[in-house]
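Listed below, chain by chain, are the residues.
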Amino acid sequence: MMETDFRNANIVVLTGAGISAASGLSTFRDQGGLWEKYPVEDIASPEGYQRDPELVESFYNARRAQLDASNVAPNAAHFALAKLEQEHQGRLLLVTQNVDDLHERAGSNQVLHMHGELRKACCPVTMQPFFMEQPFSAENVCQCCEKPQRLRPNIVWFGEMPIGMGEIEQALTECDLFISIGTSGTVYPAAGFIRLAKAFGAEAIDINLEPSYSSPFNIFMQGCATQQVPRMVESILSGEPIESTAEEALI
């Protein structure tokens, strides 16, 4: 049990694919995920984009279309985090590895998408992002270069630096509580966030379907994010103790 009162705490939240899976979006690293249908080097690397931009654009256009499907909507976990942003008395940074817009659709206004956003394109020269209503295609060009460049998906591909790392690392060194939700904890640099936060004295909560035995979390809340995140948020806002839901938690 974590008895610290976090009502005025500085909090960093990291969300991964697990929070969006309950909203009907396909995951990518799990068995049967979308990446199994394509060689990663073809659709998630700058080199793949240079070889065949049309293939890459069609892949991300299909992912964008997923967001508009009638069965895809923010779930209870997204809404709970939006409530935490609106009612929490301390500082809160919501970092997501997801490229969907479900956090924003639930009402979160301050979201840092470290891996980019499907709703945006960017200039391949300046990396300036542009909101995109239409599908990716050769007709879409930037407005920031003297010679307009073909816009690419605003997605962080393999070999590229995630977005906002300076801001994220600063927040991790200053936070009182780090919360990881629905992420495997195996992909760096995000996998290292827990150890950086702990090194500077933060307590940490992991919400996931399965425990991560190698990570030094204080509390492990096992189960679906739609159930555990609202429970955790209510405890934070009320100042009540936060309890683990699995014996494997590291107290």
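Structure first, text after, so check above.
Engineer: For this particular structure, what's the right way to read the sheet that holds strand 6 (residues 152-155)?
Structural biologist: Here we have 3 strands laid out as an open sheet, ordered 5-4-6, and antiparallel in their pairing. With one partner strand each, in any of the chains shown, strand 5 (129-131) and strand 6 form the two edges of the open sheet. For this sheet, the mean inter-axis angle between neighbouring strands, taken without regard to orientation, is 55°. Pairing of strand 4 (residues 116-122) with strand 6 involves 3 bridges; the strand directions are antiparallel. Looking at the pairing, Gly-116 lines up with Ile-155 of strand 6.

Engineer: What is the right way to read the pattern of salt bridges from this model?
Structural biologist: It is possible for side chains of opposite charge to pair when their charged atoms get near one another. Under the counting rule described, the total for this entry stands at 11 salt bridges. Between Asp-101 and Arg-105 there is a salt bridge whose closest N-O contact spans 3.2 Å. With a relative accessible area of 13%, Asp-101 lands in the buried category. A single network of salt bridges, built from pairs that share partners, joins Asp-68, Asp-101, Arg-105 and Arg-119.

Engineer: What is the right way to read the environment of Met-114 from this model?
Structural biologist: Following the sequence through the fold, Met-114 ends up in the loop between strand 3 (111-113) and strand 4. Using a relative accessible area of 0% as the deciding quantity, one classes Met-114 as buried. Beyond its immediate sequence surroundings of up to four residues, Met-114 is in contact with Leu-14, Val-95, Thr-96, Gln-97, Val-156, Pro-162, Ile-163, Met-165, Ile-168, Pro-189, Ala-190 and Phe-193.

Engineer: Explain the packing of aromatic side chains to me, please; I cannot follow it from the model alone.
Structural biologist: In this description, an aromatic ring pair is defined by two values, namely the gap between the centres and the angle between the planes. Evaluation of the coordinates by the stated rule reveals 4 aromatic pairs. Ring centres 5.5 Å apart and planes at 40° place the aromatic pair Tyr-49 and Trp-157 in the tilted group. Within this pair, whereas Tyr-49 is found in helix 3 (residues 46-51), its partner Trp-157 is found in the loop between strand 6 and helix 7 (165-174), the two being separated by 108 residues in sequence. For the pair formed by Tyr-49 and Trp-157, the shared burial category is buried.

Engineer: Teacher, can you tell me more about the sheet that holds strand 7 (residues 177-181) here?
Structural biologist: In any sheet, the strands associate via hydrogen bonds between backbone groups, in a parallel or an antiparallel arrangement. On the basis of which strands lie adjacent, the open sheet formed by 6 strands has the order 3-2-1-7-8-9 and parallel pairing. This sheet does not close on itself; its edge strands, each paired only once, are strand 3 and strand 9 (219-222). Within this sheet the neighbouring strands show an average axis-to-axis angle of 15°, counted without direction. In the sheet, strand 1 (residues 11-15) pairs with strand 2 (residues 92-96) via 5 bridges, with the strands oriented parallel. Bridge pairing links Ile-11 to Leu-92 in strand 2. Contacts from helix 7 reach strand 1, strand 2, strand 3 and strand 7 within the one sheet, and its direction differs from that of strand 2 by about 130°.

Each value, and the rule that gives it
- Residues numbered from 1 in each chain as written.
- Predicted model: local features only at pLDDT ≥ 70, side-chain atom pairs only at ≥ 80, totals over all residues.
- Heavy atoms only, no water.
- Pairing = 2+ DSSP bridges.
- Helix = DSSP H or I, 4+ residues; strand = E, 2+ residues; numbered from the N terminus.
- Axes fitted to C-alpha atoms, helices over the stretch in contact; angles between N-to-C directions.
- Salt bridge = Lys/Arg side-chain N within 4 Å of Asp/Glu carboxyl O.
- Buried < 20%, exposed > 50% of the residue type's maximum accessible area, 1.4 Å probe, protein only.
- Contact = heavy atoms within 4.5 Å.
- Phe/Tyr/Trp six-rings, centres within 6.5 Å; stacked < 30°, edge-to-face > 60°.

The values reported here are purely geometric and, on their own, carry no functional implication.
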